[in-house]
Amino acid sequence: MVSRENAVILLCMAAGLALAYGGRVLTELSDTVLIGALLTVGVVVLQLLNGYFDASEGS
């Protein structure tokens, strides 16, 4: 069985890659912006979601 944390990681990985690849194909955004979007979804959003779920489990 997949743990909650691993499921969140996989979801953020898939969303970040889809966003970066979709941004590359569908828009004229620079590589810097696309890498920033990938890092934001893959790191920042991931940490925020895991922190939120950890805090709500502790209550």
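Here's what I pulled together on the structure shown here. Small disclaimer: the values here were computed from a predicted structure and weren't measured.

**Quick look at the packing of helix H1 (residues 4-26) against helix H2 (residues 31-58)**
Working step 1: With their axes 9 Å apart at the nearest point, H1 and H2 run at an angle of 160° to one another. When the interaxial angle is binned, H1 and H2 end up roughly antiparallel. Crossing of H1 over H2 shows right-handed handedness. Here H1 contributes Arg4, Glu5, Val8, Ile9, Cys12, Ala15, Gly16, Leu17, Leu19, Ala20, Gly23 and Arg24 to the contact with H2, which in turn contributes Asp31, Leu34, Ala37, Leu38, Val41, Val45, Leu46, Leu49, Asn50, Phe53, Asp54 and Glu57.

**As for H2**
Working step 1: Between the first and last C-alpha of H2 there are 40 Å, a value that for 28 residues agrees with the 40 Å anticipated at 1.5 Å per step.
Working step 2: Among the structural elements, H1 are those in contact with the buried residues of H2.

**Regarding H1**
Working step 1: The terminal C-alpha atoms of H1 lie 32 Å apart, and with 23 residues this matches the ideal 33 Å at 1.5 Å per residue to within 8%.
Working step 2: Looking only at H1, the buried set comprises Val8, Cys12, Gly16, Ala20 and Gly23.
Working step 3: Residues of H1 that are buried in the fold lie against H2.

Quick notes on the rules
- Residues numbered from 1 in each chain as written.
- Predicted model: local features only at pLDDT ≥ 70, side-chain atom pairs only at ≥ 80, totals over all residues.
- Heavy atoms only, no water.
- Axes fitted to C-alpha atoms, helices over the stretch in contact; angles between N-to-C directions.
- Helix = DSSP H or I, 4+ residues; strand = E, 2+ residues; numbered from the N terminus.
- Parallel < 35°, antiparallel > 145°, perpendicular 65-115°, else oblique.
- Left-handed = near helix turned anticlockwise from the far one by under 90°.
- Contact = heavy atoms within 4.5 Å.
- Expected span 1.5 Å × (residues − 1).
- Buried < 20%, exposed > 50% of the residue type's maximum accessible area, 1.4 Å probe, protein only.

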